[in-house]
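Okay, here's what each chain looks like letter by letter:
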Amino acid sequence: MAKRKYSWCFALLVASALLWSRAKTSEGELVAAAGETLANANVINRGMPCEEIYVVRDGETLQTISAKCEDPFILENNPHIYDPDDVYPGLVITITPFRERQGGA
């Protein structure tokens, strides 16, 4: 009887471990899908160099983004960036093109 009880406990433990690992995978997939959606938002620009919300891509630096998006004040608008060298793919930043600061061109 004790062996049967232990086998049921073991089966429940394995089943819960499988469900938990599947839930973690699903969460990771959702995060990846959200990142892709935000990255696709960078492609649509409606006549502006960059959208207001920008997702950093692989190989980009704050300097290249600043030049591309015409925003020399990226660090001032993004207080969550403490170190200008600590920029990584997937980081979401706020962009305000310099021409908008001047009242439009």
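Rules used in this analysis
Residues numbered from 1 in each chain as written. Predicted model: local features only at pLDDT ≥ 70, side-chain atom pairs only at ≥ 80, totals over all residues. Heavy atoms only, no water. Salt bridge = Lys/Arg side-chain N within 4 Å of Asp/Glu carboxyl O. Buried < 20%, exposed > 50% of the residue type's maximum accessible area, 1.4 Å probe, protein only. Core = buried A, V, L, I, M, F, W, Y, C linked by side-chain atoms within 4.5 Å. Helix = DSSP H or I, 4+ residues; strand = E, 2+ residues; numbered from the N terminus. Contact = heavy atoms within 4.5 Å. Arc of directions from axis to C-beta. Patch = residues over 30% accessible without salt bridge, like charges linked within 9 Å, V, L, I, M, F, W, Y side chains within 5 Å. Areas by Shrake-Rupley, 256 points an atom, 1.4 Å probe, with all protein chains shown as cover. Disulfide = S-S within 2.5 Å. pLDDT = per-residue confidence, 0-100.

Right, let's talk about the pattern of salt bridges for a bit. A side chain with one charge may pair with a side chain of the opposite charge, provided their charged atoms come close. One pass over the structure, following the stated rule, counts one salt bridge. For Lys68, the salt bridge identified is with Glu60, shortest N-O distance 3.8 Å. The class of Lys68 is partly exposed, set by a relative accessible area of 39%. Judged by its relative accessible area of 15%, Glu60 falls in the buried class.

Cys50, Tyr54, Val56, Leu62, Ile65, Cys69, Ile74, Ile81, Val87, Leu91, Ile93 and Ile95 together form the largest nonpolar core, which totals 12 residues. Residue contributions to this core peak at three residues, all from helix α2 (residues 62–69). Other than its neighbours up to four places away in sequence, Ile65 contacts Tyr54, Val56, Glu60, Glu70, Ile74, Ile93 and Ile95.

Let's shift gears to α2. Of all the positions in α2, only Leu62, Ile65, Ser66 and Cys69 are classed as buried. Along the axis of α2, the buried residues cluster in a sector spanning 100 degrees; they form a single face. Along α2, the residues that are exposed and aim more than 90 degrees away from the buried face are Gln63 and Ala67. Buried residues along α2 sit against β1 (53–55), α3 (74–77) and β2 (92–94). Following α2 by one or two positions, Glu70 has its phi on the positive side, about 55 degrees.

Turning next to a nonpolar patch on the surface. Side chains of Phe10, Leu13 and Val14 sit close together on the surface and give an oily, nonpolar patch of about 300 Å² of accessible area. Relative to the helices and strands, Phe10 is located in helix α1 (residues 2–41).

All told, the structure shown has one disulfide when counted by the stated rule. A sulfur-sulfur separation of 1.9 Å characterises the disulfide bridge that pairs Cys50 with Cys69. The S-S bond linking Cys50 to Cys69 shows a torsion near -75 degrees; that makes this disulfide left-handed. With a gap of 19 residues between them, Cys50 in the loop between α1 and β1 and Cys69 in helix α2 connect regions that are remote in the sequence. Using a relative accessible area of 2% as the deciding quantity, one classes Cys50 as buried.

All right, on to the confidence of the model for the chain then. Per-residue pLDDT for the chain averages 74, and the proportion of residues at 70 or more is 61%. When mean pLDDT is compared element by element in the chain, β2 scores highest at 94, while helix α4 (residues 98–101) scores lowest at 60.

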